[in-house]
2 protein chains.
Amino acid sequence: MKIGQATIKDIAKELGVSSSTVSRALKDYPGISEETKRKVKEVAERLNYRPNAVALSLRKSRSFTIGVIIPEVVHFFFSTVISGIEEVAQARGYNVILTQSNESVDREKSSIEAMLSNQIDGFLVCFTKETKDFDHFSKLMDFGFPIVFFDRIPKLEGAVSVAVDDYKGGYEAVSHLIEQGFQNIAHLSGPKSLKISQNRERGYRDALYNHGMQVNEEFIRECPTGTTEEAFSVAMDLLENSKSKPDAFFASNDMAAVGAMRAARKLGLRIPDEMGIVGFSNWQFCSMLEPSLSSVAQPGFKMGSESATLLLDLIEKKIEGSSIKDPIILNTELLVRNSSVRR
Amino acid sequence: MKIGQATIKDIAKELGVSSSTVSRALKDYPGISEETKRKVKEVAERLNYRPNAVALSLRKSRSFTIGVIIPEVVHFFFSTVISGIEEVAQARGYNVILTQSNESVDREKSSIEAMLSNQIDGFLVCFTKETKDFDHFSKLMDFGFPIVFFDRIPKLEGAVSVAVDDYKGGYEAVSHLIEQGFQNIAHLSGPKSLKISQNRERGYRDALYNHGMQVNEEFIRECPTGTTEEAFSVAMDLLENSKSKPDAFFASNDMAAVGAMRAARKLGLRIPDEMGIVGFSNWQFCSMLEPSLSSVAQPGFKMGSESATLLLDLIEKKIEGSSIKDPIILNTELLVRNSSVRR
DNA sequence: AACGTCAACGCAAACGATTGCACGAAAAAA
DNA sequence: TTTTTTCGTGCAATCGTTTGCGTTGACGTT
């Protein structure tokens, strides 16, 4: 009686019929007279009847709700992904339950538990940096429970996943720097544990290699947290203490790129003439910086909408999980701005 | 049998007792022998029993889920708020269902409907810019349905809401500009329909007034969409065509502030010497700009956590909605950076 | 011996909707 | 007129859990 929500029984009582008749009438089942259907629908309308989704979930063991597990919401890329997910889900009549793991595996696991007990229909997950063990996912997948991984993809047989072409992004960014005449390109990499970081780094290496340049291992430095401060000190260290000084940075993330910009500025190096910089993710602020920051754009919204579409198709059995062997790779695009173009 | 989830019946069958006994044993009800309790818990453990939240929702007409309606997720401030909401909800054992209205009233309404049929326990809402009519909210509130409004607050008797001290933020920003010696301070305001825009503008007016300066109506210009481009052209127009040219801008939002910066730069005006600028929201990029942008920081995370706490307290009847007459106002803080401090 | 007490548990209804099956009446076929 | 078919509807079980009330048997009291 909470919100005064009318139930099927209310309609039934009002018309002096059984609830089964009402149920069938509302769904235009055959075997109900037009007359009755009309009356039922009329009363339903008048009582502002809305089916109780919870009762439906219980009956059907389906909730028309998908769960999203994401490391953190306050992150331009992730929020874009969420937006894409939400868009598709809403269009197809699904709810989205959101939890952030804050990069903690324990929270990841407890969120899964909580959502499962809510009869969620499927998961959309970007696991944490520290998730090395995927048992809590594979257990579900063995049951045929629909899961789609996005951005960060697991080493897991039969996992359906959507990722961005990190390799190509890295490759193009570094090629671009080389073409601009930069000779000593350093790489501020992301956490080595993540496939995306590895791929960006591979792109970096291959670009150098294919342009006949040597990879200087000293120039590849991990920035596990990805903050500006961290990158700043790493870049400073590199610029002050390395044997051959870098004249360009390819950062695995935009925040880190800003750290490198700061370091360059602090040392009086002019960007882009004496120092080229390219970031990754194309955060909103890239175009607002001075000089504006070149960056590899990731299609966040598309990643969200594609993953969601995939998941819903899996849930509704429009496609088979086993038919998707390889990760879906979305294209990246290098946006060239002022931080990397020599005048 | 989906996820192979064990039910109370499974436990009951295994032990040859009734499901009522199992239910009571699991909750340590009196009237169940210690022996039985032990056995039940043991089997529950072994079968990895998790209560079915959907069945619970149906029985109790409570879902331990709250609904969040937000204009758009991809927005630094809002994503911060979401983060705060999620944090509190998770800590108190609630799920968060998220929908974005994309500033469309229709979507706002349909989201409400959808969530209601999911037996949601309460709403956390930031309505759209175009929401002028609050019937769809007040109808629910009349039933005593828990709703907390955040950021944008409605003209509605008895609404519980949490906002930021926009007036103070505006007042301090403009006072600061005045103290820095700026004389002709223009205001790029937000959509006039929103209370927050009105309050920021009031702060602007009062600051001028209290410092003995005149308000030049020509200097107050609305930027309804709040994009950089829009602000750029408005600022250009002001700088090129107004009788007395502004020497400072107080923008109702950081994106607009960037637009003003661009306009100044385009006209060769040096910031902050010839032109002072202060924004609002303290988006991440503020500190990364050159010069760094002074801005009024809004406590997004706190707004989220406070609103959520309030909502959950309402839901759990720890507090009475009627006991909260006035909006809860969270403090803003002017972060002075380089864009407004004359050297 | 007859009765009351109490611990320990089961029955069944309820939450709201769906659905296989059965039933009665009317219409059609014989 | 009798039999069969068709149509429109209701009954009751089901999903998983909770909970008011009833039942059972053991034990204690007079």
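Each residue is numbered by its place in its chain's sequence as written, counting from 1. The order in which chains are written sets their letters, starting at A; the order in which ligands are written sets their numbers, starting at 1. At least 70 in pLDDT is required for a residue's local features to be given in this predicted model, at least 80 for side-chain atom pairs to be given and counted, and no such filter applies to totals for whole chains, interfaces and linings, which use all residues. Water and hydrogen atoms were dropped before computing side-chain values, which therefore reflect all heavy atoms in the structure.

K.L.:
Help me understand the packing of helix α4 (residues 53-60) of chain A against helix α4 (residues 53-60) of chain B in this model?
P.N.:
The description of two packed helices rests on the angle between their axes and on the distance between the axes. Relative to each other, α4(A) and α4(B) sit at 140°, their axes nearing to 9 Å. With respect to α4(B), the axis of α4(A) lies oblique. Considering only the axes of α4(A) and α4(B), their crossing is left-handed. Contact residues: A:V54, A:A55, A:S57 and A:L58 in α4(A); B:V54, B:A55, B:S57 and B:L58 in α4(B). By residue class, the composition of the contact of α4(A) with α4(B) is six nonpolar, two polar and no charged. Comment: axis = line fitted to C-alpha atoms, over the contacting stretch for helices; angle = value between 0 and 180 degrees taken between N-to-C directions. We count a stretch as a helix when DSSP gives it H or I for four or more residues in a row; a strand needs E for two or more, and each element gets its number in order from the N terminus. In these notes the angle categories are as follows: under 35 degrees is roughly parallel, over 145 is roughly antiparallel, 65 to 115 is roughly perpendicular, and the rest is oblique. By convention the crossing between two helices is left-handed if the near helix lies anticlockwise of the far one by an angle smaller than a right angle, and right-handed if it lies clockwise. Contacts were defined at the residue level, with two residues in contact if any of their heavy atoms lie within 4.5 Å. In this count, Pro and Cys sit with the nonpolar residues alongside Ala, Val, Leu, Ile, Met, Phe, Trp and Tyr, while Asp, Glu, Lys and Arg are called charged and the others, Gly among them, polar.

K.L.:
Honestly, the interface of chain A and chain B in this entry has me stumped. Any pointers?
P.N.:
Buried accessible area, meaning the area lost when the parts come together, often serves as the stated size of an interface. Facing 52 residues of chain A, the contacting portion of chain B comprises 52 residues. We count a salt bridge whenever a side-chain nitrogen from Lys or Arg sits within 4 Å of a carboxyl oxygen from Asp or Glu. Applying the counting rule to chain A against chain B returns six salt bridges. Put simply, A:R107 and B:E87 hold a salt bridge, and the shortest N to O gap is 3.2 Å. Polar contacts, as counted here, are pairs of nitrogen or oxygen atoms within 3.5 Å of one another; within protein the pair requires one atom able to donate a hydrogen and one able to accept it, and residues that are adjacent in sequence qualify only if both atoms are side-chain atoms. The tally of links from chain A across to chain B stands at 19 residue pairs in polar contact (both at pLDDT 80 or more). The set of elements that each furnish at least two residues to the side of chain A that touches chain B consists of α4, α5 (76-91), β2 (95-100), α6 (105-116) and α11 (254-266) of chain A. Sort the elements by how many residues they give to the side of chain A that touches chain B and α5(A) lands first, with eight residues. Grouping the amino acids of the side of chain A that touches chain B by side-chain chemistry returns 24 nonpolar, 19 polar and nine charged.

K.L.:
Before we go on, may I ask you to explain the packing of helix α10 (residues 228-241) of chain A against α11(A) in this structure?
P.N.:
Residues and elements named next belong to chain A. Taken N-terminus to C-terminus, the directions of α10 and α11 make an angle of 45°; their axes are 7 Å apart at the nearest point. Taken together, the axes of α10 and α11 are oblique relative to one another. Where α10 crosses over α11, the handedness of that crossing is right-handed. Of the residues in α11, those touching α10 at T228, A231, F232, A235, M236 and L239 are M255, A256, V258, G259, A260, R262, A263, A264 and K266. Residues of the contact of α10 with α11, tallied by class, amount to eleven nonpolar, two polar and two charged.

K.L.:
Could you clarify how one ought to interpret the sheet that holds strand β10 (residues 294-297) of chain B in this entry?
P.N.:
Strand pairing in a sheet relies on backbone hydrogen bonds, with the paired strands running either antiparallel or parallel. All names here are of chain B. With mixed pairing, six strands are arranged side by side in an open sheet as β7-β6-β8-β9-β10-β12. The two strands at the open ends of the sheet, each matched to only one other strand, are β7 (220-222) and β12 (333-335). Neighbour-to-neighbour, the strand axes of the sheet open up by a mean angle of 20°, direction not taken into account. For two strands to count as paired, DSSP must find a minimum of two bridges between them. Bridge analysis of strand β6 (residues 185-189) against β7 gives three bridges, and the strand direction is parallel. From the neighbouring strand, S189 faces β7, where its bridge partner is E222. Each of β6, β8 (248-251), β9 (276-281) and β10 touches helix α11 (residues 254-266); the most contacted strand, β9, lies at about 160° to it.

K.L.:
So what exactly am I meant to see when it comes to the protein's contact with DNA strand D here?
P.N.:
DNA strand D sits among 28 residues. The nearest are A:T21, A:R24, A:T36, B:I8 and B:R59. Of what DNA strand D places within 4 Å of the protein, 60% of the atoms are sugar or phosphate. One of the side-chain nitrogen or oxygen atoms of A:T36 is found 2.7 Å away from a phosphate oxygen of DNA strand D. At a separation of 2.9 Å, a phosphate oxygen of DNA strand D approaches a polar side-chain atom of B:Y29. Looking at the surface near DNA strand D, the elements with two or more residues in it are α2 (19-26) and α4 of chain A together with α1 (8-15), α2 (19-26) and α4 of chain B. Here the surface near DNA strand D is composed, by residue class, of nine nonpolar, eleven polar and eight charged. A single heavy atom is enough: if one lies within 4 Å of a molecule or strand, its residue is considered near that molecule or strand.

K.L.:
Please explain the UniProt feature "domain: HTH lacI-type" (unreviewed entry) in chain A as it appears in this structure.
P.N.:
UniProt positions are given in the numbering used here, feature names are shortened, and annotations may be inferred rather than shown by experiment. Listed under "domain: HTH lacI-type" (unreviewed entry) in the UniProt record, and renumbered for this structure, are residues 6-60 of chain A. In residues 6-60 of chain A, the share of helix is 67% and the share of strand is 0%. The end C-alpha atoms are 21 Å apart.

K.L.:
Looking at this structure, I do not really get the relation of the copies chain A and chain B. What am I missing?
P.N.:
Both copies of the chain are related by one operation, a rotation about an axis with a shift along it. In this comparison the copies share one frame, found by least squares on the C-alpha atoms of residues holding pLDDT of at least 70 in both. In screw terms, the move from chain A to chain B is a rotation of 180° and a rise of 0.0 Å along the axis, fitting with an RMSD of 0.1 Å. Put plainly, the chains are arranged around a two-fold axis. No C-alpha of chain A lies nearer the rotation axis than that of A:I97, which sits 2.2 Å from it. A share of 100% of the interface residues of chain A reappears at the interface of chain B, consistent with the copies meeting face to face through the same patch.

K.L.:
What exactly am I supposed to notice about the side chain of B:T228 here?
P.N.:
Topologically, B:T228 is positioned in helix α10 (residues 228-241). A distance of 3.3 Å separates a polar atom in the side chain of B:T228 from the backbone oxygen of B:M255.

K.L.:
Would you take a moment to explain the sheet that holds strand β8 (residues 248-251) of chain A for this structure?
P.N.:
All names here are of chain A. Across the sheet, which stays open at both edges, the six strands sit in the order β7-β6-β8-β9-β10-β12 with mixed pairing between neighbours. Each edge of the open sheet carries a strand with a single partner, namely β7 (220-222) and β12 (333-335). Averaged over all neighbouring strand pairs, the angle between strand axes comes to 20°, with direction disregarded. Note that β8 and strand β9 (residues 276-281) share three bridges and pair parallel. Within β9, the residue paired with F249 across the bridge is I277. Contacting β6 (185-189), β8, β9, β10 (294-297) and β12, helix α8 (residues 166-179) crosses the sheet at an angle of about 165° to β9.

K.L.:
Where do I start with the protein's contact with DNA strand C in this structure?
P.N.:
Lining the immediate surroundings of DNA strand C are 28 residues, of which A:I8, A:Y49, B:T21, B:R24 and B:T36 lie closest. Between DNA strand C and A:R24, the relevant distance is 3.2 Å, taken from a base oxygen to a side-chain nitrogen or oxygen of the residue. Between B:T36 and DNA strand C, the recorded distance is 2.6 Å, taken from a side-chain N or O atom to a phosphate oxygen. Secondary structure elements with two or more residues in the surface near DNA strand C: α1 (8-15), α2 and α4 of chain A together with α2 and α4 of chain B. Looking at the surface near DNA strand C element by element, the count peaks at four residues for α4(A).

K.L.:
Hey, could you run me through the state of the cysteines in this one?
P.N.:
Cysteine pairs can be covalently joined through their sulfur atoms, and such a bond is termed a disulfide. Cysteine sulfurs are considered disulfide-paired once they come within 2.5 Å of each other. On inspection of all chains with the given rule, the structure shows zero disulfides over all chains. Left unpaired, A:C223 is separated from the closest cysteine sulfur, that of A:C286, by 16 Å. In this structure B:C126 is a free cysteine whose sulfur lies 19 Å from that of B:C223, the closest cysteine sulfur available. The buried category is assigned to B:C126, whose relative accessible area is 0%. Buried residues are those whose accessible area, probed at 1.4 Å on protein chains only, stays under 20% of the maximum for their type, while exposed residues exceed 50% and partly exposed ones sit between those limits.

K.L.:
Mind showing me how you'd approach unusual backbone geometry here?
P.N.:
Peptide bonds are, in most cases, trans, and in most cases residues other than glycine have a negative phi. In this model, A:I271 is joined to A:P272 through a cis peptide bond whose omega is 5°. Structurally, A:P272 can be placed in the loop between α11 and β9. For B:E103, which is not glycine, the phi dihedral falls at a positive 60°. Within the element layout of this structure, B:E103 appears in the loop between β2 (95-100) and α6 (105-117). Despite not being glycine, B:K317 has its phi angle at roughly 60°, a positive value. Tracing the chain through its elements places B:K317 in the loop between α12 (300-315) and β11 (328-330).

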